[in-house]
Amino acid sequence: MAHLLMIESWVGSMSRLLPRALGEGGHRFTFLTRDLHHYLRSAAPADGPHPLLAAENVLTADTNDPDALLPYAERLHALLGFDGVLSSCDYYLPQVARVARRLGLPGPAPEAVAAACRKDLTRRRLAEAGVPGPAYELCADREQARAAARAIGYPLVVKPVDLCAGMFVRQVRDEAELLVAIRALDAFPVNARGQRREPAVLLEELLTGAEVSVETVSADGVAHVVGVTDKSVGGAPAFVETGHMFPAALDPAEAAAAVRTAVDALAALGLDQVVAHTEIKLTPAGPRVVEVNPRPAGNRITELVRRVTGVDLAAAAIDVALGRRPDLAVHPTGVASAAIAFLVPGGGQAGPLDGFDGAEAVRRDPALVELALAEPGREVRPATSNNEYLGHVMTADTGGAGARRTAERLLAGLTPRVAPADRPAAPAAVSA
């Protein structure tokens with residue numbers, strides 16, 4: 001049995017998957033956070049207790065300050081004895097790598113993780129290694145952005161270099177929209193975890209084509225490819241993920257090209273001892289890297305992978321954090337494809353959520369694997385990132401690549417009801 005130090009976490013599905021995998025592996029964990037209320041404010045899952053109750057210790061420290069965190073982690077290590085360090089939250093992955101190195105524990109190179117978690121550094125490393133990506137320019141001010149946009153050409157993509165979930169990523173068609181996007185970023189100087197953002201803006205060529213992600217586990221210098229997931233995107237001019245299917249329904253040659261590009265990207269960044277989720281755009285000119293995430297995929301992709309292959313990427317993340325070789329053998333599950341479709345608020349929907357029409361029919365559908373719906377009373381607003389979902393459906397297909405079609409059919413049967421502004425929403429009911 002190993003003892004792991006978990007430094008922060010997302011409050012979504014991975015906050016439950018990692019503790020579950022730790023428990024199933026017979027491991028213990030100590031949870032370290034700067035703000036325990038951030039997690040207590042998130043509702044416990046309907047089917048079980050709050051995941052932090054599985055922790056052996058829950059401690060607080062300034063996880064945003066490496067000068068304070070590193071010596072504190074050393075003192076904890078002397079008292080409690082850790083075998084590995086991990087997190088599921090992108091904003092703390094560089095800190096985790098630094099702590100692991102400081103404690104002499106397994107982990108990826110901190111420099112590699114830092115480069116993967118900063119989109120501008122990723123672009124630079126990949127370009128230097130000849131890994132294909134979009135034309136780009138890092139801009140420190142508006143004048144530089146105007147000039148860079150003219151050089152790259154409209155339409156283009158505006159990105160923060162250090163945010164997640166598609167926050168503030170926008171397609172812009174002209175200089176007026178460019179300045180609006182930059183002003184929106186300027187008004188968000190601190191992220192959700194209290195970390196001051198890098199004020200520079202990344203401008204990128206707009207890539208066209210289908211988008212996929214390559215799920216890998218790197219250990220002992222070898223990147224093991226678990227599979228390729230497809231992605232649907234909506235919410236223009238934002239880029240909101242509306243669904244995924246595993247495995248992606250791709251031509252074998254196209255899938256192989258995406259895999260080669262993702263593995264080359266990991267090598268260019270120097271990433272090892274990580275589970276990674278590398279997003280690839282399949283353009284007419286070939287695969288292009290969108291971004292490299294040195295942690296297991298979010299948005300329940302890990303569950304899609306597990307349902308099809310039997311491979312548990314959360315457990316693999318624990319194994320590589322312990323310096324162990326993960327079990328990546330595919331075990332027959334009888335499932336050929338699995339898909340998730342997200343309920344994304346439309347542009348005209350705003351106000352308190354009153355409930356959903358069609359939910360009972362979807363629950364009774366034999367094709368349903370998983371249904372999650374937001375509680376009544378939640379404030380509904382037009383989606384500008386992956387943070388505004390109102391729920392999802394998950395399906396599986398035992399015969400082929402039909403899971404996406406089924407998920408989209410079920411999702412079409414759900415209609416959120418938004419209460420009028422002068423009437424409070426219905427009281428919360430038991431969640432699905």
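The following refers to the structure shown.

## A word on the environment of Gln95
Argument step 1. Note that Gln95 resides in helix H4 (residues 93-103).
Argument step 2. Residue Gln95 is classed as buried on the basis of its relative accessible area, which comes to 6%.
Argument step 3. Taking the C-alpha atoms as reference, Gln95 lies 8.2 Å from Asn64; in sequence the two are 31 residues apart.
Argument step 4. In this structure Gln95 touches Thr63, Asn64, Asp65, Pro66 and Leu69, once residues within four positions along its chain are discounted.
Argument step 5. Side-chain polar atoms of Gln95 contact the side chain of Arg98, separated by 2.6 Å.

## Things to note about the packing of helix H7 (residues 142-152) against helix H8 (residues 175-186)
Argument step 1. Where H7 meets H8, the axes come as close as 11 Å, and the angle between the chain directions of the two elements is 140°. By the angle between their directions, the pair H7 and H8 is classed as oblique. Seen along the crossing, H7 lies across H8 with a hand that is right-handed. Where H7 approaches H8, its residues Arg142, Ala145, Arg146, Ala149 and Arg150 are matched on the opposing element by Glu175, Leu178, Leu179, Ile182, Arg183 and Asp186.
Argument step 2. Looking at the contact of H7 with H8 residue by residue, the classes come out as five nonpolar, no polar and six charged.

## Observations concerning unusual backbone geometry
Argument step 1. In this structure, Pro155 follows Tyr154 across a cis peptide bond, with omega equal to -5°.
Argument step 2. The residue Pro155 is located in the loop between H7 and strand E6 (156-160) in this model.
Argument step 3. Between Phe246 and the following residue, Pro247, the backbone shows a cis peptide bond with an omega angle of -5°.
Argument step 4. Within the secondary structure layout, Pro247 lies in the loop between strand E11 (240-246) and helix H9 (252-269).
Argument step 5. Of note in this structure, Glu8 is not a glycine but carries a positive phi near 60°.
Argument step 6. As for its placement among the helices and strands, Glu8 is situated in the loop between strand E1 (3-7) and helix H1 (14-24).

## Points about the pattern of salt bridges
Argument step 1. Going through the model one piece at a time under the given rule, you end up with 31 salt bridges.
Argument step 2. Where Glu279 meets Lys231, a salt bridge forms, and the shortest distance between an N and an O atom there is 3.2 Å. With Glu279 in strand E12 (residues 274-283) and Lys231 in strand E10 (residues 222-234), the pair connects residues that are 48 residues apart, well separated along the chain. Pair check on accessibility: Glu279 and Lys231 agree, each one buried.
Argument step 3. Measuring nitrogen to oxygen at the nearest pair gives 2.9 Å for the salt bridge that ties Arg409 to Asp365. On the criterion of sequence distance, the pair formed by Arg409 in helix H13 (residues 403-412) and Asp365 in the loop between helix H12 (359-364) and strand E16 (368-373) is long-range, its members being 44 residues apart.

So, how was this worked out
Residues numbered from 1 in each chain as written. Predicted model: local features only at pLDDT ≥ 70, side-chain atom pairs only at ≥ 80, totals over all residues. Heavy atoms only, no water. Helix = DSSP H or I, 4+ residues; strand = E, 2+ residues; numbered from the N terminus. Buried < 20%, exposed > 50% of the residue type's maximum accessible area, 1.4 Å probe, protein only. Contact = heavy atoms within 4.5 Å. Polar contact = N/O pair within 3.5 Å; in protein donor to acceptor, adjacent residues only side chain to side chain. Axes fitted to C-alpha atoms, helices over the stretch in contact; angles between N-to-C directions. Parallel < 35°, antiparallel > 145°, perpendicular 65-115°, else oblique. Left-handed = near helix turned anticlockwise from the far one by under 90°. Nonpolar A, V, L, I, M, F, W, Y, C, P; charged D, E, K, R; others polar. Salt bridge = Lys/Arg side-chain N within 4 Å of Asp/Glu carboxyl O.

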